[in-house]
Each structure stands twice: as C-alpha cells, then as structure tokens.
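Tertiary structure, described
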Amino acid sequence: MSEPSLRLGVLASGRGSNFAAILDAIDAGDCDAEVAILVSDRPTAQALVRAAAHAIPTAVVRPADYPDRVQYDLQVVERLRAAGVQLVVLAGYMRIVTPTFLACFPGRVINIHPALLPAFPGLHAQRQALAYGVKVTGCTVHVVDEGVDSGPILLQRAVAVEEDDTEESLSARILVEEHKLYPEAIRRIARGEILLDGRPRRAQEVG
Ligand code: GRF
C-alpha cells in the first residue's frame, strides 16, 4: 500500500503566488502532498481566494482577537492540528512565529525567503541586495527556527542581478525561481530525500 501524501498547512498573509505554485505542482502530480488547510492572519489575503478556487479549507485567525502572540499562535496550532497537518509551510506569512508555535511542530516548519541566506534576512531582501550591490542573489527554502530567516538551509537557487534591475524587476525574476524551488523542497521532503530534524544539512552529511 502506498504512503498517504504529506499533509501541508500553509500560512499566508497576502498574494499567495507561492501557495499557488505549490497547488499547481500537487495538481500536476509532481508533489506527493496535499494542502489540508490554508490559514491567514488577514481576511483580505488573495491566498484565501486561491484556496477557495481549489476547494481547500481555510481559516482566518485575526491577531486582534487574541491578547498576545502566544495565544494567537496556539489558536493557529489548533487549526493546523485539527486538519492533521504534518508540515507547516510559511508562504508570505508576515508574522514571526513564537517558540511556542515551533515547539508544537518541532523541525516541521519551513519558509521561503527571496535572498541567498544568510545574506539579506528580514524585510525587503531584494532592495537590500540591490543596495549592497551584489551581482548574484536568489531564494532560499529553510527550516524555521526562533530567529528571523535564520534556520537550517534546505535548498537555494541563484539569480543574477542585472545592471538595470529595479526592486520590481529583480523581485519578479526571483519569484519565478521561488515558484520552482518551494514545490521542489516539498517534493523532496515528501519523498524523504530531505530530512527535517532541525539539524543543519552539513551536520547530517558528516554525522
Ligand atoms: C515571497 O517573495 C516570499 O519569498 C516572501 O514573501 C513573498 C510572498 O509572495 N517570504 P507570495 O505571497 O507567495 O506571492
């Protein structure tokens, strides 16, 4: 009997183009996973519309309805657990998850960032790359830890910076690569080719 597919819980705050790329990969049979639930902190997130179009269950959990970040995160955890989520996928989620959240899904929360970490963590990574003057940037899929964009790196893809790049043009080219990289990471996690035990990849290789 074949293994059941990996149950994903996607957290998104906005546009949701990475979420859409993951859905496309699943629909194309490229990724042995299913999105069990899409959770958003913002009722206006375009990601919610995309989920509805795919008949994927959604939940909006509004930060203003909770006294603090921990209570908020525990509510999100409850939604994810009720949906049987095995892997939490942050896709343009504009909140920093608490240690409480991470403890509920140890080593099972991943994120995509539009730079080659550890360069340019945090907001406006593409703007930071242009301001620094790097000739190559890209995107990174990493395990989420308690820092900002600081967890173990799983996959990266490079993107050349052009002379006349603007933040918009560079962001658009990085996004094209993000849309390949995130489904690729999930595919490899689902196949057991990438292990998520919270240790850096290099430590796994040597140890
Ligand atoms: C992406 O650039 C991602 O790397 C960053 O937030 C953006 C989300 O875009 N974390 P989208 O909502 O997936 O279109």
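Coordinates for the structure precede this section.
First things first, this report covers the structure right here in the doc. (Residues numbered from 1 in each chain as written. Predicted model: local features only at pLDDT ≥ 70, side-chain atom pairs only at ≥ 80, totals over all residues. Heavy atoms only, no water.)

1. Describing the pairing of strand β6 (residues 136-143)
Taken across its eight residues, β6 has seven buried, putting it largely inside the fold. Where strand β5 (residues 109-113) lies against β6, four bridges are found, and the strand directions are antiparallel. Each bridged residue has a counterpart across the sheet, and for His113 the counterpart in β6 is Thr140. In this structure, β6 lies alongside strand β7 (residues 153-160), joined through seven bridges in antiparallel fashion. Counted as the bridge partner of Cys139 is Arg157 from β7. (Buried < 20%, exposed > 50% of the residue type's maximum accessible area, 1.4 Å probe, protein only. Helix = DSSP H or I, 4+ residues; strand = E, 2+ residues; numbered from the N terminus. Pairing = 2+ DSSP bridges.)

2. A look at the sheet that holds β7
A sheet is described by the order of its strands in space; here seven strands give the open sequence β3-β2-β1-β4-β5-β6-β7, paired in mixed fashion. Each edge of the open sheet carries a strand with a single partner, namely β3 (58-60) and β7. Taking the axes of each pair of neighbouring strands and ignoring which way they run, one obtains an average angle of 20° across the sheet. As paired strands, strand β1 (residues 6-11) and strand β2 (residues 33-40) are joined by six bridges and run parallel to one another. Note that in β2 the partner of Leu11 across the bridge is Val39. Along the sheet, helix α2 (residues 46-53) contacts β2 and β3; its crossing angle with β2, the most-contacted strand, is approximately 140°. (Axes fitted to C-alpha atoms, helices over the stretch in contact; angles between N-to-C directions. Contact = heavy atoms within 4.5 Å.)

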